[in-house]
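Coordinate analysis (summary)
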Amino acid sequence: MATVQALRTLHETYAASNTCALKESATQPVFGDGNPAAEVVFVGEAPGKNEDLQGIPFVGAAGKFLDEMLESIGMKREDIYITNIVKYRPPNNRDPEPSEKEACAPWLEAELAAVGPKLIVFLGRHSMNHFFPTEKISAVHGKLMAKTIAGIPTKYFLPLYHPAAALYNGGMRDELMYDFQKIPLALKKIAETKS
Ligand code: URA
């Protein structure tokens with residue numbers, strides 16, 4: 001199991017060698033954050049304005065909504081580990097470009113390998129499509145998926161809508177709240193499944 005210090009060193013090493021063009025405009029890299037022994041890792045898209053300023057993922061409006069949903073399943077931030085596929089804020093919160101995702105992908109894969117959670121929850125299509133390139137989030141959100149991925153010990157993945165997209169869209173918000181309840185069910189199912 002990785003330690004907080006080992007993860008910090010991992011992040012500093014990847015930040016120093018990273019070639020993402022967003023490095024130029026971002027205030028700082030936003031490292032993954034949370035419990036290195038977490039059973040669940042959440043992977044978002046890219047830092048927004050608040051995350052860029054504070055250097056911590058999901059501290060803005062989407063993060064507050066995420067905290068509410070965590071509370072609804074009896075979890076807290078301290079129980080999870082959370083990160084983004086892209087570690088630098090895209091200007092004006094535009095979608096990250098494929099080259100920006102590619103530049104940060106080995107960094108994400110290294111932290112996922114270090115934490116080795118039982119379940120990886122994708123927040124939105126950007127992180128999901130890195131591992132499941134042909135899936136559509138509208139079709140697979142809330143569905144537990146199993147896959148063996150080289151270099152990552154985790155075998156189970158749950159794609160969800162991105163909390164920022166759902167924040168101001170009532171229907172999507174309800175679906176996300178509903179799908180979120182599948183996290184404890186997925187963990188129970190994984191615990192009962194012999195690998
Ligand atoms: N949206 C993301 O995808 N990541 C963050 O860290 C904040 C908002």
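Rules behind the numbers
Residues numbered from 1 in each chain as written. Predicted model: local features only at pLDDT ≥ 70, side-chain atom pairs only at ≥ 80, totals over all residues. Heavy atoms only, no water. Helix = DSSP H or I, 4+ residues; strand = E, 2+ residues; numbered from the N terminus. Rg over C-alpha atoms; globule rule 2.2 N^0.38 Å. Buried < 20%, exposed > 50% of the residue type's maximum accessible area, 1.4 Å probe, protein only. Contact = heavy atoms within 4.5 Å. Areas by Shrake-Rupley, 256 points an atom, 1.4 Å probe, with all protein chains shown as cover. Lys, Arg positive; Asp, Glu negative; His and termini not counted. Charge placed at Lys NZ, Arg CZ, Asp CG, Glu CD. Near = heavy atom within 4 Å. Polar contact = N/O pair within 3.5 Å; in protein donor to acceptor, adjacent residues only side chain to side chain. Nonpolar A, V, L, I, M, F, W, Y, C, P; charged D, E, K, R; others polar. Phe/Tyr/Trp six-rings, centres within 6.5 Å; stacked < 30°, edge-to-face > 60°. Expected span 1.5 Å × (residues − 1). Arc of directions from axis to C-beta. Salt bridge = Lys/Arg side-chain N within 4 Å of Asp/Glu carboxyl O. Axes fitted to C-alpha atoms, helices over the stretch in contact; angles between N-to-C directions. Parallel < 35°, antiparallel > 145°, perpendicular 65-115°, else oblique. Left-handed = near helix turned anticlockwise from the far one by under 90°.

Let's talk about the overall build of the chain
- Per the secondary structure count, the chain includes nine helices and six strands.
- Relative to a compact globule of 195 residues, whose C-alpha radius of gyration would be 16 Å, the chain shows 15 Å and is just as compact.
- Viewed in the frame of its principal axes, the chain has a C-alpha envelope of about 45 × 40 × 30 Å.
- Of all 195 residues assigned to the chain, the portion counted as buried reaches 49%.
- Here the contacts in the chain between residues at least 6 apart in sequence split such that 71% fall between residues at least 24 apart.
- Of the roughly 9400 Å² of accessible surface on the chain, a fraction of 53% belongs to carbon and sulfur atoms.
- Seen as two clouds, the 21 positive and the 23 negative side-chain charges of the chain have centres 4 Å apart.

A few points about the site of the ligand
- In the vicinity of the ligand, the contacting residues are G44, E45, A46, P47, E51, P57, F58, N84 and H162.
- In the model, a nitrogen atom of the ligand is placed 3.0 Å from a nitrogen or oxygen of the A46 main chain.
- In this structure, a nitrogen atom belonging to the ligand sits 2.7 Å away from a side-chain N or O atom of N84.
- Summarising the interface, the protein chains cover 91% of the accessible area of the ligand, which totals 230 Å² for the free molecule.
- A class-by-class count of the residues in the shell around the ligand yields four nonpolar, three polar and two charged.

What about the packing of aromatic side chains?
- The final tally for this structure, using the stated rule, is nine aromatic pairs.
- Aromatic side chains Y88 and W107 sit 6.1 Å apart centroid to centroid with 70° between the ring planes, which places their arrangement in the edge-to-face category. Note that Y88 is positioned in the loop between β3 (81–84) and α4 (98–115) and W107 in helix α4, a separation of 19 residues in sequence.
- The interplanar angle of 25° and the centroid separation of 6.4 Å between the aromatic rings of F131 and F157 together place this pair among those described as stacked.

A few points about helix α3 (residues 61–72)
- If you check α3, its first and last C-alpha atoms are 17 Å apart, about what twelve residues at 1.5 Å a residue would give, namely 16 Å.
- Along α3, the positions that sit buried rather than exposed are A62, G63, F65, L66, M69 and L70. Angularly, the buried residues of α3 cover 160° about the axis, an arc narrow enough to put them on a single face. Residues K64 and E71 are exposed on α3 and point more than 90 degrees away from its buried face.
- At its buried positions, α3 is contacted by β2 (40–44), β3, β4 (119–123), α7 (163–167) and α8 (170–180).

Some details on the pattern of salt bridges
- For the structure shown, the criterion picks out eight salt bridges.
- Two residues, E12 and R8, come together in a salt bridge whose shortest N-O distance is 3.1 Å. Residue E12 and its partner R8 are both found in helix α1 (residues 4–17); the two are separated by four residues, about one turn of the helix.
- For E12, a relative accessible area of 41% corresponds to the partly exposed category.
- One salt bridge in this structure joins D95 and R125, with 2.9 Å as the shortest N-O distance.

Points about the packing of α3 against α8
- Two elements in contact, α3 and α8, have axes whose closest approach is 9 Å; the angle formed by their N-to-C orientations is 45°. In terms of orientation, α3 lies oblique with respect to α8. Judged by the sense of rotation from one axis to the other, the crossing of α3 with α8 is right-handed. Contact residues: F65, L66, E68, M69 and L70 in α3; R173, L176, M177 and F180 in α8.

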